[in-house]
Amino acid sequence: MQSWFPFVPESASTVSGEVEALYFYIWGVTAFFVLLISIVLIYFVIRYRRRNAFEIPRPIEGSTKLETLWSVIPLLIAMTIFFWGAKVYFAQYRPAKNAIEVYVVGKQWMWKFQHSTGQREINELHVPVGRKVKLIMATEDVIHDLFVPAFRTKIDVVPGKYTTEWFEATKPGRYHFFCAEYCGMNHSGMGGYVVVMEPAEYENWLSGNAGQASPAAAGRGLYESLGCASCHGANAEGGRGPALLGLYGSKVVLNNNQTVTGDESYLRESILNPQAKIATGFGPIMPSFQGQLSEEQLLQVVAYLKSLSTAKPEVPTAKPAVAASPGAAPKPSASPK
Ligand code: CUA
């Protein structure tokens, strides 16, 4: 499991080839100038050495032409690196559409994964080849960082917020991942494998591990047990809070006339710190749920709120069906091959 170049990990995602190409381009530019400057330096040292003790060199006034040239050429080269880098960065960090969603919680010293169909894994993540996989990531304690060298993806999980990341694997196989942010005694052991499978094999794996409540179903349970419904019905039945149906992904107008996107981070903040961004037309009456929910439970509530959005065309009272059966969860709709 090595790439063509012995110092580079295997290349197994849609972005890894381009990251590698950019890396070797920068490496090539560096090597070229190191060689050029060294050779010219040695040549000048020999060519213009002092030949007798009383030699006085001819004064040189400088050359505008030369100075312009050695400013403009490096600028152009630096710009190619900048624009190419920006292109790769945007490709990698723009949120993916139509992705399989996996919830990730890092904690000292393990990675916990939960699929939107309910399957849980620790230090191992099964995904299909040729599908985008979006990771919605949180940490229960300190900063960790999920690094999959073969995919060239690497992102921190940070206390108090969600980070997201996506990848699309191009080759079945087992790919080592690591924690790439020092996080205490067993940091070096905080890793595992991404197992990339053929779509049919993946379906098989999913159904073989069924029977666990989906995050959305667990979130619905929490939503009920915490009494959220008394204020927040799906269609604003409670009357005291905004409607939750369709909230995820919508534009939310706040009481200071700012507009925010109702994404995972907004939902999280509104549960833990409800006064931070109040939807227009509502009062600052919601209590904070800080300390009442673990990161995993919080992700489950967020998953439930998201399911209200994807289930928009359905009758909102038919929610248990969405939550309970794995068949209703988003399925890989088309095989890429
Ligand atoms: Cu977790 Cu280092």
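Residues numbered from 1 in each chain as written. Predicted model: local features only at pLDDT ≥ 70, side-chain atom pairs only at ≥ 80, totals over all residues. Heavy atoms only, no water.

Q: What exactly am I supposed to notice about the pattern of salt bridges here?
A: Working definition: two side chains of opposite charge can pair if their charged atoms are close together. The final tally for this structure, using the stated rule, is 13 salt bridges. A cluster of three or more residues bridged by salt bridges with shared partners is formed by Glu101, Lys134, Glu264 and Lys306. (Salt bridge = Lys/Arg side-chain N within 4 Å of Asp/Glu carboxyl O.)

Q: Even after reading the chapter, I still don't get the sheet that holds strand S1 (residues 100–107), so can you show me in this structure?
A: Consider a sheet: its strands pair through backbone hydrogen bonds, and that pairing is either parallel or antiparallel. Read across the sheet, 5 strands follow the order S3-S2-S1-S5-S8 without closing on themselves; strand pairing throughout is mixed. The open sheet has two edge strands with one neighbour each: strand S3 (120–122) and strand S8 (163–168). Ignoring which end each strand starts from, the neighbouring axes of this sheet average 25° apart. Two elements, strand S5 (residues 132–139) and S8, share 6 bridges in a ladder whose sense is antiparallel. Of the residues in S8, the one forming a bridge with methionine 137 is threonine 163. (Pairing = 2+ DSSP bridges. Helix = DSSP H or I, 4+ residues; strand = E, 2+ residues; numbered from the N terminus. Axes fitted to C-alpha atoms, helices over the stretch in contact; angles between N-to-C directions.)

Q: Explain empty space enclosed by the protein here, please?
A: Gaps left between atoms are located by rolling a probe of water-molecule size over the structure's atoms. Under the counting rule described, the total for this entry stands at 3 cavities of 30 Å³ or more. Of the pockets and cavities examined, the second largest cavity occupies roughly 40 Å³. The leading source of residues in the lining of the second largest cavity is S8, at 3 residues. Of the residues that constitute the lining of the second largest cavity, the class distribution is 4 nonpolar, 1 polar and 3 charged. (1 Å grid on protein atoms, 1.4 Å probe; cavity = no way out; pocket = protein on both sides within 12 Å on 5 of 7 lines; lining within 4 Å. Points joined across faces, edges and corners; volume = space filled by probe spheres on them. Nonpolar A, V, L, I, M, F, W, Y, C, P; charged D, E, K, R; others polar.)

So, to be careful, I would describe these as geometric facts and stop short of saying anything about function.
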